[in-house]
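Single-letter residue listing:
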Amino acid sequence: MVKRIGSMAWRVEVGADGQLFSLGVRTDTGREYEVLFGTVDSTPILTDLLNEMARVHRILPPRVFSEGAGPHHPRSVPLQPLATRVEEQDGKPVLALDFGGTVLKVEIDPTALQQDLAKVRSV
C-alpha cells in the first residue's frame, strides 16, 4: 500500500469490465509505480491517498505546470461522474461524485465555490 507520494504525474486506467482499475504514479525520483484496485473496495484507499497528497501539498506554493504537462496535457480531460450530489457530513457540505462503484467525497466551501463559478461564467 502506498502511504506517501510526492508525484509529478499520475494516470488512472479502468478495465473494460469496470471491475479493476490501476493508478499509475511517477515520483519525483522518476520511478513509476502502478497500484491496482478493485472498484468495490477502492473508495477508502483513494480517499486516504488523496488526503495524504493534499496534506503534503497544502504547505507548498501552488504548483505551476508547463504547457503540455499535468492538467495542460492533451489527454488530461475532466472526468464526468455518473451521478453528483451534495451531502452533509459533520455539519459541512460535501460533494459526492459517483463513478460507478467508486464514490469520491470532496468537502466544499459554498462561498468559495460560488465565487469561482462566477469567475468562470464572466470569462
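On a predicted model such as this, the values are computed, not experimentally measured, just so you know.

### A closer look at the overall build of the protein chain
For step 1, the next point in the chain: When helices and strands are counted, the protein chain shows two helices and six strands.
For step 2, the next point in the chain: Its helices and strands taken in sequence order, the protein chain reads β-β-β-α-β-β-β-α from the N to the C terminus.
For step 3, the next point in the chain: Taking all 123 residues of the protein chain together, 18% fall into the buried category.
For step 4, the next point in the chain: A sequence separation of at least 24 residues applies to 18% of the contacts in the protein chain between residues at least 6 apart.
For step 5, the next point in the chain: By element, 57% of the accessible surface of the protein chain is carried by carbon and sulfur atoms, the whole surface being about 9700 Å².

### Considering the pairing of strand S4 (residues 83–89)
For step 1, the next point in the chain: Pairing between S4 and strand S5 (residues 92–98): seven bridges, direction antiparallel. Note on S5: the bridge partner recorded for Val86 is Leu95.
For step 2, the next point in the chain: Taking the residues between adjacent antiparallel strands as the criterion, S4 and S5 are bridged by two residues, where Asp90 takes a positive phi near 55 degrees.

### Let's talk about the sheet that holds strand S6 (residues 103–107)
For step 1, the next point in the chain: If you trace the three strands from one edge of the open sheet to the other, you get S4-S5-S6, paired in antiparallel fashion. Among the strands making up the open sheet, the edge pair consists of S4 and S6. Neighbour-to-neighbour, the strand axes of the sheet open up by a mean angle of 30 degrees, direction not taken into account.
For step 2, the next point in the chain: Direction of pairing for S5 relative to S6: antiparallel, over a ladder of five bridges. Residue pairing in the sheet places Val94 in a bridge with Glu107 of S6.

### Some thoughts on the pattern of salt bridges
Once their charged atoms are close, side chains differing in charge can pair, the charge on each being opposite to the other.
For step 1, the next point in the chain: Summed over all chains, the structure comprises four salt bridges.
For step 2, the next point in the chain: A salt bridge links Glu87 to Arg85, with the shortest nitrogen-to-oxygen separation between them at 2.8 Å.
For step 3, the next point in the chain: Here Lys119 makes a salt bridge to Asp116, at a shortest N to O gap of 3.9 Å. In this pair, Lys119 and Asp116 both sit in helix H2 (residues 110–122), three residues apart, roughly one turn of the helix.
For step 4, the next point in the chain: Residues joined by salt bridges that share partners form a network here, namely Arg85, Glu87 and Lys105.

### Thoughts on the environment of Gly100
For step 1, the next point in the chain: Topologically, Gly100 is positioned in the loop between S5 and S6.
For step 2, the next point in the chain: Remark: the alpha-carbon pair of Gly100 and Leu82, spanning 18 residues in sequence, is separated by 6.4 Å.

### Some details on the confidence of the model for the protein chain
For step 1, the next point in the chain: On average, the protein chain scores 76 in pLDDT, and the residues at 70 or more come to 67%.
For step 2, the next point in the chain: The weakest mean pLDDT in the protein chain belongs to strand S1 (residues 7–14) at 59; the strongest belongs to S4 at 93.
For step 3, the next point in the chain: Within the model, the stretch residues 1–5 combines pLDDT values under 50 with nine contacts to residues more than four positions away or in other chains.

Cut-offs applied
Residues numbered from 1 in each chain as written. Predicted model: local features only at pLDDT ≥ 70, side-chain atom pairs only at ≥ 80, totals over all residues. Heavy atoms only, no water. Helix = DSSP H or I, 4+ residues; strand = E, 2+ residues; numbered from the N terminus. Buried < 20%, exposed > 50% of the residue type's maximum accessible area, 1.4 Å probe, protein only. Contact = heavy atoms within 4.5 Å. Areas by Shrake-Rupley, 256 points an atom, 1.4 Å probe, with all protein chains shown as cover. Pairing = 2+ DSSP bridges. Axes fitted to C-alpha atoms, helices over the stretch in contact; angles between N-to-C directions. Salt bridge = Lys/Arg side-chain N within 4 Å of Asp/Glu carboxyl O. pLDDT = per-residue confidence, 0-100.

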